[in-house]
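Structural description and commentary
The lines below spell out each chain.
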Amino acid sequence: MERAAVVGRWSAALDGAEAPPLPPLPPLWAEVCRRGEAALGPWSAQPPAVRRRVLLTTIHGVER
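Anyway, here's the lowdown on the structure attached to this text. Because the structure is a prediction, the values reported are computed rather than measured. (Residues numbered from 1 in each chain as written. Predicted model: local features only at pLDDT ≥ 70, side-chain atom pairs only at ≥ 80, totals over all residues. Heavy atoms only, no water.)

**Focus on the environment of A30**
Take A30: it is sitting in helix α2 (residues 27–40). Along the sequence, A30 and E2 sit 28 residues apart, while their C-alpha atoms lie 8.9 Å from each other. (Helix = DSSP H or I, 4+ residues; strand = E, 2+ residues; numbered from the N terminus.)

**Observations concerning the side chain of R51**
Mapped onto the fold, R51 is located in helix α3 (residues 48–63). With relative accessibility at 16%, the residue R51 sits in the buried group. There is a polar contact of 2.8 Å between the side chain of R51 and the backbone oxygen of Q46. Excluding residues within four positions of it along the chain, R51 makes contact with L14, D15, W43, S44 and Q46. (Buried < 20%, exposed > 50% of the residue type's maximum accessible area, 1.4 Å probe, protein only. Polar contact = N/O pair within 3.5 Å; in protein donor to acceptor, adjacent residues only side chain to side chain. Contact = heavy atoms within 4.5 Å.)

Shape descriptors only; they carry no functional weight alone.
What follows is the structure, given as structure tokens:
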């Protein structure tokens with residue numbers, strides 16, 4: 001559940017959209033989410049294919 005909530009917020013950050021509400025998360029997941037949103041925000045001006053690749057790369061890096 002945490003992963004889906006975080007990915008949803010990151011997707012919104014990349015699309016320049018308002019992020020969905022964040023459910024209660026453990027402190028570590030909440031911090032990962034905040035940092036990811038901040039890092040991904042500047043990529044929102046890129047074409048959709050680039051934004052998707054950045055999102056997938058970020059998710060892969062965090063899961064490692």
